[in-house]
Amino acid sequence: MKLYAISDLHLRHADNRQALQTLPFFPDDWLIVAGDVGETLSEMDFMLRTLTARFRQVIWVPGNHELWTLPSEQPSLKGDARYQRLVALCRSHGALTPEDPYVRWPGEGPHRVIVPMFLGYDYSFRPDHVPAEKALDWAMEENLLCTDEVLLHPEPYGTRTEWCIARVEATRARLESLPAGCSTILINHYPLRHEHVWLPRIPRFSIWCGTKRTEDWHARYRAEVVVTGHLHIPFTQWRDGVRFEEVSLGYPSQWKHRGGIERCLREILPGAPRKSP
């Protein structure tokens, strides 16, 4: 029994939709989908119908693209109302979400809890000399402006930062209540640590990539593996004995050279142990 992960399916691209349908069946295995499935409810439904038929259990966390409110889509749900609609859609297909109880991994090995999270970002992934109120100006100096600023609404919160803080605090309380003896598999769309935001072509895009409020969560909450997406640059890195996996598929031009979508699935558990130096 294995736990796999993938993110950033971006199903508005026909090549990505077609690729998803070519995945073989993994009837004994679980799959993490770490956000950015697409921009519409129909794309979410397509993902859920396709992947719940292929895996024993699907676990989803939202990316920023799922939370966009497109003018063309009805009903026009914004912010938390849209998120709750996505949660309801997942539940209708039997997929787990950040709003469900954390489940224990049923495969072999020690006591592990699967922790899907929705945390957001607060513009704190920026240099120390850039004040919070100047973060957008700093990015726009390089002609960068994330589409979130137009399409990702924070209602009922006043700002995306306020929404992020609320999500972080609510998730922190749940994590603090976990039994001390269990390890975790932490899942979030955005990186938990600023150092993992490596975007050589657009480094100032970092402000839309997470929050420094989670910098120590891998250690504080006994993570065995941290699973994230968003960057479209897959990697495996280690910090404090914890494995960090960026599991993006990305746009067709970014994944086709990697040998097909099945090869883009990342094995999280049991996973390869760290090699000795």
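All values reported here derive from a predicted model rather than from experimental measurement.

Rules used throughout
Residue numbers restart at each chain and count upward from 1, following the sequence in its written direction. Where totals are concerned, whole chains, interfaces and linings use all residues; where local detail is concerned, this predicted model gives features only for residues with pLDDT of at least 70, and gives and counts side-chain atom pairs only at 80 or more. As a rule here, side-chain values cover all heavy atoms of the structure and leave hydrogens and water aside. In this description a helix means any DSSP run of H or I spanning at least four residues, a strand means any run of E spanning at least two, and both kinds are numbered starting from the N terminus. In a helix, the anticipated span is given by 1.5 Å times the number of residues less one. Exposed residues in this analysis have more than 50% of their type's maximum accessible area, buried residues have under 20%, and partly exposed residues fall in between, with area computed by a 1.4 Å probe over protein chains only. Note that the arc is defined by the directions from the helix axis to the C-beta atoms. Every residue pair with non-hydrogen atoms within 4.5 Å of one another is taken to be in contact. Think of a 1 Å grid over just the protein atoms. A cavity is a set of points where a 1.4 Å probe fits yet cannot get out, a pocket is an open set with protein on both sides within 12 Å along at least five of seven lines, and lining residues have an atom within 4 Å of a point. Grid points are joined across faces, edges and corners, and a volume is the space filled by probe spheres set on the points. Take the buried Ala, Val, Leu, Ile, Met, Phe, Trp, Tyr and Cys residues and link them wherever side-chain atoms come within 4.5 Å; each set so joined is a nonpolar core.

Asks: It is not clear to me how helix 3 (residues 79-92) should be interpreted in this structure. Could you clarify?
Replies: Residues that lie three or four places apart on an α-helix share one face, since the helix turns once every 3.6 residues. Look at helix 3: 20 Å from first C-alpha to last across 14 residues, which is about the 20 Å you get at 1.5 Å a residue. All of the buried residues in helix 3 are G79, R82, Y83, L86, V87, L89 and C90. One side of helix 3 carries all its buried residues, which in axial view fall inside an arc of 160°. Elements in contact with the buried residues of helix 3: helix 2 (41-52), strand 3 (55-60) and helix 6 (160-176). Positioned one or two residues after helix 3, G94 has a phi angle of 80°, which is positive.

Asks: Which parts of the structure should I look at to understand empty space enclosed by the protein?
Replies: Think of a ball as big as a water molecule: rolled over the atoms, this probe shows where empty space is left. Applying the stated criterion to the full structure yields 2 cavities of 30 Å³ or more. Together, P62, G63, L67, F118, L119, G120, Y121, L152, R160, W163, C164 and Y190 line the largest cavity. Size it by volume and the second largest cavity reaches roughly 30 Å³. In terms of lining, the second largest cavity is formed by L96, T97, D100, P101, Y102, V103, I114 and P116.

Asks: Whenever I open this one, the nonpolar core confuses me. Can you help?
Replies: One broad rule of soluble globular proteins: the nonpolar side chains tend to lie buried together. Counting residues in hydrophobic clusters, the biggest one holds 74 residues, and the most contacted among them are M47, L51 and W60. The element contributing the most residues to this core is helix 2, with 6 residues. Residues L3, A5, I185 and V247 belong to the second largest nonpolar core, which totals 17 residues.

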